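Chain and residue survey
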Amino acid sequence: STVFLKETHPSTVFLKETKNTAVDEIPAEVHERRSMIFHSVSRAQLSALAFPEIGEGPPSEEPVVDLHQFMPVGGVYHFDALKLPPQAKHIKGWTMVEVLDTGLETYPYSAVCEESEDTSLYLVGLTVNLLDSVIFFEEPLIGRWDPEDKCWRTDGVGDVVYNMKEKEVSFKMNSFSTVTLLQDAHLNMPYQSWELRPHGADQAVLTVLTTFAEVQIQIKENQCLLISVTTIEDANLLSNLRGIWMPPLALTIALRRAGMNIFPAEHSSKYVSLNKKDLAAELTCYQQMALVASTFAFGWSKWNWMCGEDQVVFKACECLDQETTKENWALYMFNGCRAQKLKITENSETFSKAIAEESEFHSTLFHLLKDTASEAALERVKGTHYLFVDCVYQLLTATRVLTYA
């Protein structure tokens, strides 16, 4: 089936530097086209992405699947024993068929057991071939649907055998039922590293490295394309999704359904050891990264874990071509109100907030990077399409790379 998704783009507010009174010689029509980009973060964004106060509470004794922790992968399988419909009879050249108003009817199944055997044990053996269009990074959890309580349960299922090479799962149940294969929704969190690199005007590639896989997503104007999902064993995963341009929201949904989840949800902080940051500072940083994403590359820094909850640290450098060496990277720190270039490097022994030489504080990351940019870089930033800026921002807020890496 095909699902059509209508996407809405978040409203934005123009970014103004408090230290320098104007943006150098940018025409007024360019400001209008950028649709007032990014000084404040709306309350709706903060409330939608804030970490909820989740109490631990006593563990449930019921074998009910927590859908905040697990996600169905590969759809739902319906298993039933059906009564054989009336067969056609051929009499003197006529074909007679009894027509039933009830349609297909389920057959009440009961196993024939020896007197010493427990009839409540697993009676039905099933084998499910895993789809090539999904990824399982570990043995799936088998969940059966409970129609009375309207939930997925793990009891009544046993003797599970997972064959990785043949891509099949065999198991037994105590009755015919509707089942699904479940996977931990946070297997690929926290991320090992990430990088956002420009690939020309209004184009960029976001790379997220997880424990199990490396995911590359290309961004072009307001569309996204899955380049690859690569593991140690296989570099040709999710071929059905690769090469298809789609809005960020559609790509997010498609990757989740395929088992490649790198998009934290509302309750993900309960299940992941994350690097918690001030949400307003984090979102403001994503906004300002998006403004210059067609010119500057950004990446993960180990010092982001050392700088405190009210600061974010990342590496960045100007990248007008595809060649960027390690020597080009510099570290930047931002808290939503003040941005600075750090004196330390990624290879320094200890963390320090000391500002880099021949650098100064700015109230925005945008103007800090602008002061160090070349004329060619500034020209590309001026011509950046606002739909590309918005698309980059949506992907960064969907992956939350500054918090979940």
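Residues numbered from 1 in each chain as written. Predicted model: local features only at pLDDT ≥ 70, side-chain atom pairs only at ≥ 80, totals over all residues. Heavy atoms only, no water.

1. Topic: the state of the cysteines
Cut-off, in case you're wondering: In this description, the term disulfide denotes a pair of cysteine sulfurs within 2.5 Å. We call a residue buried when its accessible area falls under 20% of the maximum for its residue type, exposed when it is over 50%, and partly exposed in between, using a 1.4 Å probe and counting protein chains only.
In total, this model carries zero disulfides according to the counting rule given. Lacking any disulfide linkage, Cys 317 is separated from the closest cysteine sulfur, that of Cys 319, by 5.7 Å. In this structure Cys 317 comes out as buried when scored by relative accessible area, which is 5%. Take Cys 391: it sits in no disulfide, and the sulfur closest to it among the cysteines is that of Cys 224, at 3.6 Å. By relative accessible area, which is 1% here, Cys 391 ends up buried.

2. A look at the confidence of the model for the protein chain
Quick reminder of the rule: A score from 0 to 100, pLDDT tells how confident the predictor is in each residue. The contact definition used throughout considers only heavy atoms, calling two residues in contact when any of these lie within 4.5 Å.
Residues at a pLDDT of 70 or more form 80% of the protein chain, whose mean pLDDT is 83. Throughout residues 1–40 the model reports pLDDT below 50, and contacts reaching past four residues in sequence, or to other chains, amount to 78 contacts.

3. Notes on the sheet that holds strand E5 (residues 141–146)
Quick note on the threshold: Only when DSSP finds a minimum of two bridges between them are two strands counted as paired. Helix and strand assignments come from DSSP, with helices taken as H or I runs of at least 4 residues and strands as E runs of at least 2, each series counted from the N terminus. Note on geometry: axes are C-alpha line fits, over the in-contact stretch for helices, and angles between N-to-C directions span 0 to 180 degrees.
Across the sheet, four strands lie side by side as E1-E9-E5-E6; this open sheet has antiparallel pairing. Since the sheet does not close on itself, it has two edges, and those belong to strand E1 (70–78) and strand E6 (151–153), each with one partner. Strand after strand, the sheet turns through a mean of 35 degrees between neighbouring axes, direction not considered. Judged from the three bridges that link them, E5 and E6 form a sheet pairing that is antiparallel. Counterpart to Trp 145 in the pairing with E6 is Trp 152.

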